[in-house]
Amino acid sequence: MRERTMIRRILFALTLSMPLAIAACSDMGPSEISVEEPFARETIGAGTTGAAYLVIRNTGGADRLIAAATTAAASTELHTHEKDGEIMRMRKVDAIDVPANDVVTLQPGGKHIMMFDITAPLKDGGSFPLTLTFEDAGDVTVDVTVVATGGNASGMDHGGMDHSGH
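Quick notes on the rules
Residues numbered from 1 in each chain as written. Predicted model: local features only at pLDDT ≥ 70, side-chain atom pairs only at ≥ 80, totals over all residues. Heavy atoms only, no water. Helix = DSSP H or I, 4+ residues; strand = E, 2+ residues; numbered from the N terminus. Buried < 20%, exposed > 50% of the residue type's maximum accessible area, 1.4 Å probe, protein only. Contact = heavy atoms within 4.5 Å. Areas by Shrake-Rupley, 256 points an atom, 1.4 Å probe, with all protein chains shown as cover. Phe/Tyr/Trp six-rings, centres within 6.5 Å; stacked < 30°, edge-to-face > 60°. Salt bridge = Lys/Arg side-chain N within 4 Å of Asp/Glu carboxyl O. Core = buried A, V, L, I, M, F, W, Y, C linked by side-chain atoms within 4.5 Å. Polar contact = N/O pair within 3.5 Å; in protein donor to acceptor, adjacent residues only side chain to side chain. pLDDT = per-residue confidence, 0-100.

An account of the overall build of the protein chain is requested, with residue identities and associated values reported.
From N to C terminus, the protein chain includes one helix and ten strands. Within the protein chain, buried positions represent 36% of all 166 residues. Across the protein chain, the fraction of contacts at a sequence separation of at least 24, relative to all contacts at a separation of at least 6, is 71%. Accessible area of the protein chain: about 9,600 Å², with a carbon and sulfur share of 54%.

And the structure:
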């Protein structure tokens, strides 16, 4: 009798904990990455730096954006903005976390992909390929649309920013 009661209690406890175990396992599965709305602002004059912005949608397990590359620039870096006293400064970061079942937006004034030594001026209406490398999902290549300065989203011109760390 006592043995049956103990088995029932164990089964009851397992039944109650099952939804938590399923939820925990779903966060550990592979990431399911899609990239939306990639854009960059046109360069002005002889500008040799630029930035790419986009939305990363992850419908799976946690991942991290660890690199970006494009034929439109000699080098790229993942950046964020940090407040240093009263001044906003861009800083290079090693990775951008992409939590499970979440959306991460790279946007002017926030996280973005910085491009250095742009190979040709970025013109409104043009486009270029950008390959994003994720720790788990691997490479995802998107076509980045170039928009007029001030187009698509409000933000700032990166030409005069402090690019410490480059």
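Any details on the packing of aromatic side chains? Residues and values, ideally.
Enumeration according to the criterion identifies one aromatic pair in this entry. Arranged with centres 5.1 Å apart and planes meeting at 35°, the rings of Phe 39 and Tyr 53 form a pair that is tilted. Taken together, the positions of Phe 39 in strand 1 (residues 33–41) and Tyr 53 in strand 2 (residues 49–58) put the pair 14 residues apart, joining distant regions of the chain. Take Phe 39: its relative accessible area is 7%, and that puts it in the buried class.

Got a sec to walk through the pattern of salt bridges? Specific residues and values, please.
Tallied over the full model, the rule gives five salt bridges. A salt bridge links Arg 57 to Glu 36, with the shortest nitrogen-to-oxygen separation between them at 2.8 Å. Of the two residues, Arg 57 is situated in strand 2 and Glu 36 in strand 1; the sequence distance between them amounts to 21 residues. You can call Arg 57 partly exposed: its relative accessible area is 32%. For Glu 36, a relative accessible area of 25% corresponds to the partly exposed category.

Outline the nonpolar core, listing residues and values.
Core analysis: the largest hydrophobic core is formed by 27 residues, its most contacted members being Ile 113, Leu 130 and Leu 132. Excluding residues that lie within four positions of it along the chain, Ile 113 makes contacts with Gly 50, Ala 51, Ala 52, Leu 54, Ala 68, Thr 76, Glu 77, Leu 78, Leu 106, Leu 130 and Leu 132.

Outline the side chain of His 112, supporting the account with residue identities and numerical values.
Along the chain, the position of His 112 falls in strand 8 (residues 112–118). For His 112, the side chain forms a polar contact with the main-chain oxygen of Gly 110, separated by 2.8 Å.

Can you break down the confidence of the model for the protein chain residue by residue, with the values?
For the protein chain, per-residue confidence averages 82 on the pLDDT scale, and residues scoring 70 or more make up 72% of the total. Taken as a whole, residues 19–27 scores under 50 in pLDDT and shows five contacts with residues more than four places along the chain or in a different chain.

Summarise the environment of Ala 148; cite the residues concerned and give the values.
By the element assignment, Ala 148 lies in the segment after strand 10 (138–147). Ala 148 sits 24 residues away from Asp 124 along the chain, and the two C-alpha atoms are 5.0 Å apart. For Ala 148, the contacting residues outside a window of four places in its chain are Arg 41, Glu 42 and Asp 124.

Would you mind going over the environment of His 112 in detail, with residue names and values included?
Exposure remark for His 112: the relative accessible area of 0% places this residue in the buried category. Separated by 61 residues in the primary sequence, His 112 and Ala 51 place their C-alpha atoms 6.5 Å from one another.

Lay out unusual backbone geometry with the relevant residues and their values.
Its identity as a non-glycine residue notwithstanding, Asn 101 has a phi of 50°, on the positive side. Here Asn 101 shows up in the loop between strand 6 (96–98) and strand 7 (102–106). A relative accessible area of 47% means that Asn 101 is categorised as partly exposed. One non-glycine residue, Asp 117, lies in the positive phi region at around 55°. When you line up the elements, Asp 117 lands in strand 8. On the basis of relative accessibility, which here comes to 47%, the residue Asp 117 falls in the partly exposed class.

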